[in-house]
Amino acid sequence: LRAPFAIVGAGKVGTALARLLARAGWEFVGAGSRSIDSARAACATAGSGTATTQPAEVTRAAHLVLITTPDDAIAGVCAAIVAENGVRAGAIVAHCSGALGSDVLAPARAAGASVGSMHPLQTFPTAEQALASLPGSFYAIEGDPEAVALLRDVVDALGGRPLAISAEGKPLYHAAAVLSNNYLVALQHAAVELMGAAGISRADALPALMPLIRGSIAALDEVGLPGCLTGPISRGDRDTVRRHLDAIAAHAPDLLALYKTLGRHAVEVALAKGTLAPPAAGELRDMLA
Ligand SMILES: NC(=O)c1ccc[n+]([C@@H]2O[C@H](COP(=O)([O-])OP(=O)(O)OC[C@H]3O[C@@H](n4cnc5c(N)ncnc54)[C@H](OP(=O)(O)O)[C@@H]3O)[C@@H](O)[C@H]2O)c1
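Bear in mind that the values here come from a model prediction, so they are computed numbers and not experimental data.

Engineer: I tried to follow the side chain of Thr-52 on my own but got confused; where do I start?
Structural biologist: Within the element layout of this structure, Thr-52 appears in strand 3 (residues 50-52). Here Thr-52 falls in the buried class, since its relative accessible area comes to 5%. With residues near it in sequence (within four places) discarded, Thr-52 still touches Ala-31, Gly-32, Ser-33, Ile-36, Ala-39, Glu-57 and Val-58.

And the structure:
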């Protein structure tokens, strides 16, 4: 089903969804946002739709309402469009947050809509990046059955892949996404700092690490977990790990706890891989405690 749809919150995700769905032949009713400029920009990008700062004006005519505001605004925006008679009975109202469940859309359900959530498991630092990477991403979907059915059609139209989740599972699921993406960034920042302590300039450090990062990601993809783990913990090289700990303690003590915490987890991965013998694992755990 290609339903007439509206977006509320004309930011990176909302604007990209409007354009991609409109291109796939879904009727774009329009964009409601806090600022008229954002709403107009979304309609210009989509090539159709009415721009407004009164979201109920466009959601009222939509069968599918996608709330794409920041997470903290979703519940309030939903309540406001319901209060303005902006949700038709039988409509589908959904948001794109990773951590929140569809229960935050309770006012829309009370107004006769089916509610759901559809979270793209992807990072969008810019609207252009959202346009490029929404297709092909996985989308965690949960909610009322009618909402889930239509959201699966949305994901299909976007060229994405659905991932079923429960509302209760979403905080853990989103914590996993943060570990996988945001903490990967934080980890590379820490690696650049350690390189700096070793006398390699910041300007040189990230470009030098990039082929290693790409190699790690290719190995994750091709070999998988836990087989792609390499390095001293995987091999059980206790002396090498001891040298790391001494050097970090002396020159970058702020990073010692991070190194140890991830090292303890790497011990578990190495045990699962089968390359680390239990006695060596015990010694490493003590060193990294
Ligand atoms: N960015 C990502 O990497 C990413 C990834 C997955 C999921 N998501 C989810 O997608 C949703 C949107 O994220 P985003 O990154 O697209 O955010 P964003 O670029 O900051 O856009 C949010 C838009 O919401 C509008 N807005 C804020 N408060 C509003 C209100 N009270 N009423 C109407 N509009 C309001 C703002 O519009 P104005 O410009 O008009 O002020 C802003 O443009 C969030 O739920 C987020 O968790 C984001």
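Engineer: Whenever I open this one, the environment of Ala-42 confuses me. Can you help?
Structural biologist: By the element assignment, Ala-42 lies in helix 2 (residues 36-46). With 113 residues separating them along the chain, Ala-42 and Val-155 place their C-alpha atoms 20 Å apart. What Ala-42 contacts, discounting residues up to four positions off in sequence, is Ile-7, Ala-10, Thr-15 and Ala-31.

Engineer: Sorry, what's going on with the pattern of salt bridges here?
Structural biologist: If charged atoms from side chains of opposite charge come close, those side chains can pair. One pass over the structure, following the stated rule, counts five salt bridges. Notably, a salt bridge pairs Glu-283 with Arg-238, separated by 3.2 Å at the nearest N-O pair. Linking Glu-283 in helix 14 (residues 278-287) with Arg-238 in helix 12 (residues 238-251), this pair joins segments that are 45 residues apart in sequence. Among the ionic pairs, Arg-285 bridges to Glu-268, the shortest N-O distance being 3.0 Å. With a gap of 17 residues between them, Arg-285 in helix 14 and Glu-268 in helix 13 (residues 256-273) connect regions that are remote in the sequence.

Engineer: What should I look at first to understand the nonpolar core in this one?
Structural biologist: Side chains of nonpolar character tend, in soluble globular proteins, to be buried together. One finds Phe-5, Ile-7, Trp-26, Phe-28, Leu-64, Leu-66 and Met-118 to be the most contacted residues of the largest nonpolar core, which totals 34 residues. Residues Val-29, Ile-74, Ala-91 and Val-115 belong to the second largest nonpolar core, which totals 19 residues.

Here is what the cut-offs are and how they apply
In every chain, residue numbers begin from 1 and rise along the written sequence. Only residues with pLDDT of 70 or above have their local features reported here, since the model is predicted, and side-chain atom pairs are shown and tallied only from 80 upward, although totals for entire chains, interfaces and linings are computed over all residues. For the side-chain quantities, the full set of heavy atoms in the structure was used; hydrogens and water were omitted. To qualify as a helix, a DSSP run of H or I must reach at least 4 residues; to qualify as a strand, a run of E must reach at least 2; elements of each kind are numbered from the N terminus. For the exposure calls, accessible area comes from a 1.4 Å probe over protein chains only, and a residue counts as buried if that area is under 20% of its type's maximum, exposed if over 50%, partly exposed in between. Residues count as neighbours in contact if any of their non-hydrogen atoms are within 4.5 Å of one another. Every case where a carboxyl oxygen of Asp or Glu lies within 4 Å of a side-chain nitrogen of Lys or Arg is listed as a salt bridge. The term nonpolar core refers to a set of buried residues drawn from Ala, Val, Leu, Ile, Met, Phe, Trp, Tyr and Cys, joined through side-chain atoms within 4.5 Å.

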